[in-house]
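# Descriptive analysis of the structure
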Amino acid sequence: MLRIRQSLELLIVGTSLQRYTIFLCIFQLSSLVLARPWRKFSRDNSGHQVKMAKLHFHYSAMNSGKSTLLLQAAHNYEERDLVPYLLKTELDDREGIGVIGSRIGIQKTCDTFSANENLLDKVNTRLKQGPVDCVLVDEAHFMTAEQVWQLAEVVDDLNIPVMTYGLRTDFQAKLFPGSAELMAIADVLREVRTIDESGKNATMNLRIDAEGNAVTEGPQRQIGGNESYVSVRRKEWRKRMGR
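These lines cover the structure that appears in this document, whether it is placed above or below. Since the structure is predicted, the reported quantities are computational estimates derived from the model, not experimental observations.

This part takes up the overall build of the protein. Of regular secondary structure, the protein possesses seven helices and 14 strands. For the protein, the proportion of its 243 residues judged to be buried stands at 43%. Here the contacts in the protein between residues at least 6 apart in sequence split such that 70% fall between residues at least 24 apart. Summing over all exposed atoms, the protein offers an accessible surface of approximately 13,500 Å²; the carbon and sulfur share of this is 51%.

Our next topic: the packing of helix H4 (residues 119-127) against helix H5 (residues 145-158). Viewed as axis vectors pointing N to C, H4 and H5 meet at an angle of 45°, and their least axial separation amounts to 7 Å. Viewed along their axes, H4 and H5 adopt a mutual orientation that is oblique. Listed contacts from H5 to Leu119, Leu120, Val123, Asn124 and Leu127 of H4 are Gln147, Gln150, Leu151, Glu153, Val154 and Leu158. For the contact of H4 with H5, a count of residues per class yields seven nonpolar, three polar and one charged.

Attention shifts here to helix H3 (residues 66-79). Taking 1.5 Å of rise per residue, 14 residues should cover 20 Å, and H3 covers 20 Å from first to last C-alpha, within 8% of that figure. For H3, the complete set of buried residues consists of Lys66, Ser67, Leu69, Leu70, Leu71, Ala73, Ala74 and Tyr77. With its phi angle positive at about 60°, Asp81 sits one or two positions after the end of H3.

This part is about the environment of His75. Relative to the helices and strands, His75 resides in helix H3. Residues His75 and Lys108, 33 residues apart in the sequence, show an inter-C-alpha distance of 9.8 Å.

This brings us to the pattern of salt bridges. What the rule picks out here adds up to five salt bridges. Here Glu117 ties to Lys122 by a salt bridge, and the two come within 3.0 Å at their closest N and O atoms. Taking relative accessible area as the criterion, Lys122 reaches 14% and is therefore assigned buried. With its nearest N and O atoms 3.0 Å apart, the salt bridge here joins Arg233 to Asp196. Of this pair, Arg233 sits in the loop between strand E14 (229-232) and helix H7 (234-241) while Asp196 sits in the loop between strand E11 (194-195) and strand E12 (201-202), and the two are 37 residues apart along the sequence. Taken together, the salt bridges that share partners define one network made up of Asp111, Glu117 and Lys122.

Of all hydrophobic cores here, the largest spans 24 residues; its most connected members are Leu55, Val135, Val137, Met143 and Val162. The element best represented in this core is H5, accounting for five residues. Counting 14 residues, the second largest nonpolar core, distinct from the first, contains Leu71, Met163, Tyr165 and Val192.

To continue, consider the sheet that holds strand E4 (residues 84-89). Spatially, six strands are ordered E7-E4-E8-E9-E3-E10 in an open sheet, and the strand pairing comes out parallel. Edge positions in the sheet fall to strand E7 (111-113) and strand E10 (188-191), since each has one partner strand and no second. Across this sheet, the average inter-strand angle for adjacent strands is 20°, counted without regard to direction. With three bridges joining them, E4 and E7 adopt parallel strand pairing. Residue pairing for E7: Thr89 is matched across the bridge by Phe113. Contacts from H3 reach strand E3 (55-60), E4, strand E8 (134-138) and strand E9 (162-167) within the one sheet, and its direction differs from that of E8 by about 160°.

Conventions adopted
- Residues numbered from 1 in each chain as written.
- Predicted model: local features only at pLDDT ≥ 70, side-chain atom pairs only at ≥ 80, totals over all residues.
- Heavy atoms only, no water.
- Helix = DSSP H or I, 4+ residues; strand = E, 2+ residues; numbered from the N terminus.
- Buried < 20%, exposed > 50% of the residue type's maximum accessible area, 1.4 Å probe, protein only.
- Contact = heavy atoms within 4.5 Å.
- Areas by Shrake-Rupley, 256 points an atom, 1.4 Å probe, with all protein chains shown as cover.
- Axes fitted to C-alpha atoms, helices over the stretch in contact; angles between N-to-C directions.
- Parallel < 35°, antiparallel > 145°, perpendicular 65-115°, else oblique.
- Nonpolar A, V, L, I, M, F, W, Y, C, P; charged D, E, K, R; others polar.
- Expected span 1.5 Å × (residues − 1).
- Salt bridge = Lys/Arg side-chain N within 4 Å of Asp/Glu carboxyl O.
- Core = buried A, V, L, I, M, F, W, Y, C linked by side-chain atoms within 4.5 Å.
- Pairing = 2+ DSSP bridges.

Shown next, in the form of structure tokens:
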């Protein structure tokens, strides 16, 4: 109750950045509540209602808390005695191999996949060990376009909801192949909002060097955190990238 009272006081007398931060937290929490993987129903051959799974893509710029949202979703499933299956590209081992971690300090073990693995086969292999109620994929932008379609098969043919979390664009404002395919075929698209240093909505990823200068050329895939990337508004991105 004390924290709620303090938050309400900040909404009234706090700075614009404090108010924006509180509204951002409320927005993201409401997204968790509303982002239910089951939305519609169909009927089987016997005429009984069957829940229809969906393919979700939660996208944003860097440092928006995507992994935190994924871990919260996994906790929600486990709290209800349901089984989430967590996946992450083997490219990102910042928290260790087979670990999804958050900047706020929470983490959970997961399975990993490479660019040449079939994710439908991977889910089917996991199903031999026991039930799976939802598939949660971190760093989804690193998937290939074909792997996105394989997850669509998990949804359509196995009737298992899939929730993916990743970046929309790279440091040059170009879509990742996995993100492009998800934007094209996902049933539900949801932006995870984040802010820049001034407290305004940030939608672009700026790659920086050791001195904080913008990097304009380089490979699309480069794993890094705050030392390599910063989230900015499009206007700031254009200014620093010389566009």
